[in-house]
Amino acid sequence: QVQLVESGGGLVQAGGSLRLSCATSGRTFSGAAMGWFRQAAGKEREFVAAISWSLGTTYYANSVKDRFTIARDNAKNTVYLQMNSLKPEDTAVYYCAAKEGRFQYTLSNQYDYWGQGTQVTVSS
């Protein structure tokens, strides 16, 4: 029922930056948190970052903690992922996800809705 649409992916050189956006379907969604996950070719999907809608509490994977920033715009029902100092290992399809319940924000099986994904490619 809830639809998520990612945008902002593309090709960037190592050390560069990209900003991903995830737009929700208006105010249809009234869940607790939004998250970003990624899946590289031949690998399993992994947690990247998450943020609560109400307080903006953030959570990050250790691999991106000092490089990525997740933020939300409640008025626009949109979540962003600012990615700086990108590395080739960041190359993956990035997925936006929405979670209705509280807690356990880093677990993919706790999320209820998923976008189609956007490709991020970092060249060396």
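It should be noted that the structure appears before, not after, this text.
Residues numbered from 1 in each chain as written. Predicted model: local features only at pLDDT ≥ 70, side-chain atom pairs only at ≥ 80, totals over all residues. Heavy atoms only, no water.

1. A few points about the pairing of strand E8 (residues 78–83)
Defined as follows: Relative accessibility thresholds used throughout: buried, under 20% of the residue-type maximum; exposed, over 50%; partly exposed, between the two (1.4 Å probe, protein chains only). The helix and strand labels rest on DSSP assignments: H or I over at least four residues marks a helix, E over at least two residues marks a strand, and numbering proceeds from the N terminus. Here a strand pair is declared whenever DSSP counts at least two bridges between the two strands.
Taking burial as the measure, the six residues of E8 include five buried ones, the bulk of the element. Of the pairings in the sheet, the one linking strand E3 (residues 18–24) to E8 comprises six bridges and is antiparallel in character. If you follow serine 21 over to E8, its bridge partner there is tyrosine 80. Where strand E7 (residues 68–73) lies against E8, six bridges are found, and the strand directions are antiparallel. Residue aspartate 73 lies in a different strand from E8, and its bridge partner there is threonine 78. Between E7 and E8, which pair antiparallel in sequence order, lie four residues; one of them, asparagine 77, sits at a positive phi of approximately 55°.

2. Considerations on the pattern of salt bridges
Our working rule: For salt bridges, the criterion is a side-chain nitrogen of Lys or Arg within 4 Å of an Asp or Glu carboxyl oxygen.
Across all of its chains, the model carries three salt bridges by this definition. The salt bridge partner of arginine 38 is glutamate 46, with a shortest N-O separation of 2.8 Å. Given a relative accessible area of 38%, glutamate 46 falls into the partly exposed group. Arginine 38 is paired through a salt bridge with aspartate 90; the nearest N and O atoms lie 2.9 Å apart. Linking arginine 38 in strand E4 (residues 33–39) with aspartate 90 in the loop between E8 and strand E9 (92–99), this pair joins segments that are 52 residues apart in sequence. As far as burial versus exposure is concerned, arginine 38 and aspartate 90 are alike and both buried. Taken together, the salt bridges that share partners define one network made up of Arg38, Glu46, Arg67 and Asp90.

3. Observations concerning unusual backbone geometry
Unlike most non-glycine residues, asparagine 77 shows phi in positive territory, near 55°. Within the secondary structure layout, asparagine 77 lies in the loop between E7 and E8.

4. Focus: the sheet that holds strand E1 (residues 4–7)
To be explicit about the condition: Axes, fitted as lines to C-alpha atoms, cover a helix only where it is in contact. Angles between the N-to-C directions of the axes lie from 0 to 180 degrees.
Strand order across the open sheet formed by four strands is E1-E3-E8-E7, with antiparallel pairing between neighbours. Unpaired on one side and paired on the other, E1 and E7 mark the two borders of the sheet. On average, each strand axis in the sheet is inclined to that of its neighbour by 15°, with strand direction left out of account. Pairing geometry for E1 and E3, over four bridges, is antiparallel.

5. Overview of the nonpolar core
The criterion, for reference: Residues belong to one nonpolar core when they are buried, are Ala, Val, Leu, Ile, Met, Phe, Trp, Tyr or Cys, and are joined through side-chain atoms within 4.5 Å. Contacts are residue-level and defined by heavy atoms, with any inter-residue pair within 4.5 Å sufficient.
By size, the foremost hydrophobic cluster in this structure holds 35 residues, and its most contacted members are Met34, Trp36, Leu81, Met83 and Tyr94. At the level of secondary structure, the elements contributing two or more residues to this core comprise E3, E4, strand E5 (46–52), E7, E8, E9 and strand E11 (118–123). Those residues in contact with leucine 81 that sit more than four places away from it in its chain are Leu18, Arg19, Leu20, Trp36, Val48, Ala49, Phe68, Thr69, Ile70 and Tyr94.

6. Quick notes on the environment of serine 17
We count it as follows: Here a polar contact is taken to be a pair of N or O atoms separated by no more than 3.5 Å, where protein atoms must pair a possible hydrogen donor with a possible acceptor and residues adjacent in sequence count only if both atoms sit in side chains.
With respect to the secondary-structure elements, serine 17 resides in the loop between strand E2 (10–13) and E3. For serine 17, a relative accessible area of 38% puts it in the partly exposed group. Along the chain, serine 17 and asparagine 84 lie 67 residues apart, while their C-alpha atoms are 4.4 Å from each other. Within the local environment of serine 17, its side chain forms a polar contact with the side chain of asparagine 84, the two groups lying 2.9 Å apart.

Purely geometric stuff here, so don't read any function into it on its own.
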